[in-house]
Amino acid sequence: MPFQIVRNDITKVKADAVVNTANPNPVIGGGTDAAIYKAAGEKLLLKERQAIGNIAAGQAVYTNAFHLKAKYIIHTVGPIWIDGNHGERDTLHFCYSNSLHMAAKLSCTSIAFPLIATGVYGFPREEALQIALSEINKFLLTYDMKVILVVFDREAFELSGKLVGDIEEYIDEYSVKAVRDAEYGGEYKSLGHRRQPRLAETASPIFPSARGKSLDEFLGKTSDTFQQRLFKLIDDSGMDDVTVYKKANIDRKVFSRIRCKKDYKPKKKTAVAFAIALELDMPTMLDLLSRAEIAFSPSSRFDLIITYFITNKVYDIYEINAALFKYGQPILGE
């Protein structure tokens, strides 16, 4: 998939380019900078870095990657967080944008980022994540490249406190018992200002009526496959194929395979990614997924998180993937 979030040590990630949160001066710093120098070969990398000289905040330069599993190291200098009123956010936007465009100039097919400036530079993690996702999203709408956001652990991966609280409350409210109650006529469950629908409201009339028909007649009414329904929905959306697969975090080659294979059976995370890209409501999404023999379960955290975002009409796949990663679920796309 074009965008991935992984828990790993960035020095062990295989990518054409690895981004280093560099010291502005040609010396070995701390944190990620020190780890990259050590893994790449301190003397070799420092010599090449010294030839470049000082780097301004937000700028991006590159060196060879030496002993890393990469072709290049892209060095960018993040902002030191003071109070948010000294251009820190703009500088961080430039770090991601300049690094991504540098990778494109170098004809890289993949790039790995740490969460820039969130270590000793003190940039708030929640804001840093939103800036990273915003710039990556903007870049991938135009360029074909695999972008990997590497975090050391999920605890360091901070989402909005309100978002986390709302998701956890939603999961608690929408427990198996609540769904069963709703299915058998229970009242609506409320979550803040939002009204949560009964299961009957999110169910879709997928199957035609069998009343008065023989089995042969009933089986003769076979409906669209997943592939057929997907492309009808794309046509109805008014979006072109490229926009849809980019919004769905789907690789172009995967999309071509879907286009050519009438009996294509997607993975659940792929099918849901298309539903998010097309901004489907719950009944339409469940209908699409049923054609690939995929169901939603009220006991699945993945399913509840997706339901939370669709119910609240939030279709930003980067925000959704960040939440899925935070909760230890597979992210959307392929």
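Above this note sits the structure.
Computed from a predicted structure; not experimentally measured.

A few points about the overall build of the protein chain
Piece 1. Of regular secondary structure, the protein chain possesses 15 helices and 8 strands.
Piece 2. Evaluated residue by residue, the protein chain yields a buried proportion of 48% over its 334 residues.
Piece 3. Nonlocal contacts in the protein chain, meaning residues at least 24 apart in sequence, comprise 68% of its contacts between residues at least 6 apart.
Piece 4. For the protein chain, the accessible area works out to roughly 16500 Å², and carbon and sulfur atoms hold 50% of it.

Focus on the packing of aromatic side chains
Piece 1. Scanning the entire structure with this criterion turns up 10 aromatic pairs.
Piece 2. Measuring from centroid to centroid gives 6.1 Å for F255 and F274, while their planes differ by 50 degrees, and the two rings are tilted. Of this pair, F255 sits in helix α11 (residues 252-260) while F274 sits in helix α12 (residues 268-277); the two residues are 19 residues apart in sequence, bridging distant segments of the chain. As far as the burial class goes, F255 and F274 line up, both buried.

Remarks on the side chain of N321
Piece 1. With respect to the element layout, N321 can be found in helix α15 (residues 317-326).
Piece 2. The residues contacting N321, other than those within four sequence positions of it, are I5, N249, I331 and L332.

Section: the nonpolar core
Piece 1. Ranked by size, the top nonpolar core spans 85 residues in total, and within it I111, M285, I306 and L332 carry the most contacts.
Piece 2. In terms of residue count, the dominant contributor to this core is helix α4 (residues 125-140) (8 residues).
Piece 3. In contact with M285, not counting residues within four places along its chain, are A275, L280, F296, I306 and I310.
Piece 4. If you look at the next biggest cluster of nonpolar residues, it comprises 15 residues, including V13, A112, I148 and V150.

Description of the side chain of Q227
Piece 1. Locating Q227 in the fold gives a position in helix α9 (residues 226-237).
Piece 2. Apart from the residues lying within four places of it in its own chain, the contact partners of Q227 are I258, R259, C260, K261 and K262.

Focus on the environment of T270
Piece 1. Examined against the element boundaries, T270 turns out to sit in helix α12.
Piece 2. Between the alpha carbons of T270 and E334 there is a distance of 5.9 Å; along the sequence they are 64 residues apart.
Piece 3. Excluding residues within four positions of it along the chain, T270 makes contact with I250, Y264, G333 and E334.
Piece 4. Here the side chain of T270 touches E334 through a polar contact of 2.6 Å, side chain to side chain.

What about the sheet that holds strand β2 (residues 17-21)?
Two orientations exist for strands paired in a sheet by backbone hydrogen bonds: parallel and antiparallel.
Piece 1. Spatially, 6 strands are ordered β1-β6-β5-β2-β4-β3 in an open sheet, and the strand pairing comes out mixed. Single-partner strands in this sheet number two, and they are β1 (3-7) and β3 (60-64). For this sheet, the mean angle separating the axes of adjacent strands, direction not counted, is 25 degrees.
Piece 2. Here helix α3 (residues 88-105) sits on the sheet in contact with β2, β3, β4 (72-76), β5 (110-113) and β6 (146-151), set at roughly 155 degrees to β5.

Conventions we followed
Residues numbered from 1 in each chain as written. Predicted model: local features only at pLDDT ≥ 70, side-chain atom pairs only at ≥ 80, totals over all residues. Heavy atoms only, no water. Helix = DSSP H or I, 4+ residues; strand = E, 2+ residues; numbered from the N terminus. Buried < 20%, exposed > 50% of the residue type's maximum accessible area, 1.4 Å probe, protein only. Contact = heavy atoms within 4.5 Å. Areas by Shrake-Rupley, 256 points an atom, 1.4 Å probe, with all protein chains shown as cover. Phe/Tyr/Trp six-rings, centres within 6.5 Å; stacked < 30°, edge-to-face > 60°. Core = buried A, V, L, I, M, F, W, Y, C linked by side-chain atoms within 4.5 Å. Polar contact = N/O pair within 3.5 Å; in protein donor to acceptor, adjacent residues only side chain to side chain. Pairing = 2+ DSSP bridges. Axes fitted to C-alpha atoms, helices over the stretch in contact; angles between N-to-C directions.

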